[in-house]
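Each chain is listed here by its residues.
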Amino acid sequence: PAAAGRRRLVRPPPRRAVAGLCFALLLLPASIAVAHGRSTSTSSVDVEAGAQPIARLTVRAPWADLQRAIPELSAAEATLDGVSLALVDRYLQERFMLRAAGQPCAPVGPVASAPTTDATHIGRSWRVLCAAADPLALESRAFFDVQPAHLHLARLRRAGAPTVEAGLVQGAAGTSIPPPGE
């Protein structure tokens, strides 16, 4: 009864505890970013019908990964000049390769800009001529040397065959494209 009228005194937490909690909360977004900081690029491959098919490869890649992978770009601004684009195009064409019967398909014509909805990515597109129709496979060797956890998402379309979607990672960086009718 006499205690019922009294209020219990609650002490505020010590300043050190509050400061420690604030510091931990500041680190939380950084730890989430590291845990979810997987680098990702995408591509689409559209193969036309024919004994020596022509295909269009379109790649969208993170600008930051390109800067890490191509030393000459490390100091470049986000806007690209002709020299920077030539370096990017060479890097992508050497590392995103369509193969026919085990042989690389040869680039034909110029590389063009490809639209991307992500402002942190750059999109490039080019055509290749394959010496044979089958078997066709996409191989990606991009970014694994600078981002071992890199994930490449590929969509492969070919007339008369089902669309293939694949996730390519280091150690499993290729996928085949089924022939028409399969």
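Before any of the text, the structure's been laid out above.
Right, let's walk through the structure included here.

Parameters and conventions
- By convention here, each chain's residues receive numbers from 1 onward along its written sequence.
- Reporting in this predicted model follows two pLDDT cut-offs: at least 70 for local features of residues, and 80 or more for side-chain atom pairs to be given and counted; totals over whole chains, interfaces and linings ignore these cut-offs and use all residues.
- Hydrogens are left out, water is left out, and the side-chain values use all remaining heavy atoms of the structure.
- Only DSSP runs of H or I covering at least 4 residues are called helices, and only runs of E covering at least 2 are called strands; the numbering of each starts at the N terminus.
- Categorising residues by exposure relies on relative accessible area from a 1.4 Å probe, with only protein chains included: less than 20% of the type maximum marks a residue as buried, more than 50% marks it as exposed, and the intermediate range marks it as partly exposed.
- In what follows, a contact means two residues having at least one pair of non-hydrogen atoms within 4.5 Å.
- Computed with a 1.4 Å probe, the accessible areas rest on the Shrake-Rupley method; for each residue, only the protein chains presented here act as cover.
- Only a pair of cysteine sulfur atoms within 2.5 Å counts as a disulfide in this structure description.
- In this analysis, strands are considered paired if DSSP registers two or more bridges between them.
- To get an axis, a line is fitted to the C-alpha atoms, and for a helix only the part in contact is used. The angle between two axes follows their N-to-C directions and goes from 0 to 180 degrees.

Some words on the overall build of the protein
For step 1, the next point in the chain: A tally of regular secondary structure across the protein gives three helices and 10 strands.
For step 2, the next point in the chain: Reading the protein from its N end, one meets helices and strands in the order α-β-β-α-α-β-β-β-β-β-β-β-β.
For step 3, the next point in the chain: Looking at the protein as a whole, 33% of its 182 residues are labelled buried.
For step 4, the next point in the chain: Look at the contacts in the protein between residues 6 or more apart in sequence, and 59% of them connect residues 24 or more apart.
For step 5, the next point in the chain: A total of about 11000 Å² of accessible surface is found on the protein, and carbon and sulfur atoms cover 60% of it.

With respect to the state of the cysteines
For step 1, the next point in the chain: Scanning all chains against the criterion turns up one disulfide.
For step 2, the next point in the chain: Between the sulfur of C105 and that of C130 lies a disulfide, 2.1 Å long from S to S. Disulfide C105-C130: the torsion about the S-S bond is 105°, which places it as right-handed. Highlighted residues: C105 in the loop between strand 4 (103-104) and strand 5 (106-113) and C130 in the loop between strand 6 (121-129) and strand 7 (136-140), separated in sequence by 25 residues. For the pair C105 and C130, one class covers both residues: buried.

Things to note about the environment of A106
For step 1, the next point in the chain: Relative to the helices and strands, A106 resides in strand 5.
For step 2, the next point in the chain: By relative accessible area, A106 is classed as partly exposed at 39%.
For step 3, the next point in the chain: Taking the C-alpha atoms as reference, A106 lies 5.1 Å from V128; in sequence the two are 22 residues apart.
For step 4, the next point in the chain: Once residues within four sequence positions are removed from consideration, A106 is found in contact with R127, V128 and L129.

Digging into the sheet that holds strand 10 (residues 174-177)
For step 1, the next point in the chain: The antiparallel open sheet is built from four strands, whose spatial order is 4-3-7-10. Single-partner strands in this sheet number two, and they are strand 4 and strand 10.
For step 2, the next point in the chain: With two bridges connecting them, strand 3 (residues 96-100) and strand 4 associate as antiparallel partners. When the bridges of strand 4 are listed, A100 appears paired with Q103.
For step 3, the next point in the chain: The sheet contacts of helix 3 (residues 82-95) involve strand 3 and strand 7, and relative to strand 3 the element is tilted by about 40°.

A word on the pairing of strand 3
Successive side chains on a regular strand alternate, one facing one side of the sheet and the next facing the other.
For step 1, the next point in the chain: Within strand 3, four of the five residues are buried, which leaves it mostly tucked inside the rest of the structure.
For step 2, the next point in the chain: Sheet analysis places strand 3 next to strand 7, joined by five bridges and oriented antiparallel. Looking at the pairing, A100 lines up with L136 of strand 7.
For step 3, the next point in the chain: A loop of two residues connects strand 3 with strand 4, the two strands running antiparallel in sequence, and A101 in this loop sits at a positive phi of about 50°.

Let's talk about the pairing of strand 8 (residues 151-158)
For step 1, the next point in the chain: Relative to strand 8, strand 1 (residues 40-47) runs parallel, the two being bridged by eight bridges. Counted as the bridge partner of T40 is L151 from strand 8.
For step 2, the next point in the chain: Across five bridges, the pairing between strand 8 and strand 9 (residues 164-168) is antiparallel. Of the residues in strand 9, the one forming a bridge with L156 is V164.
For step 3, the next point in the chain: Here strand 8 folds back onto strand 9 in antiparallel fashion, the turn holding five residues, of which G160 has a positive phi close to 80°.

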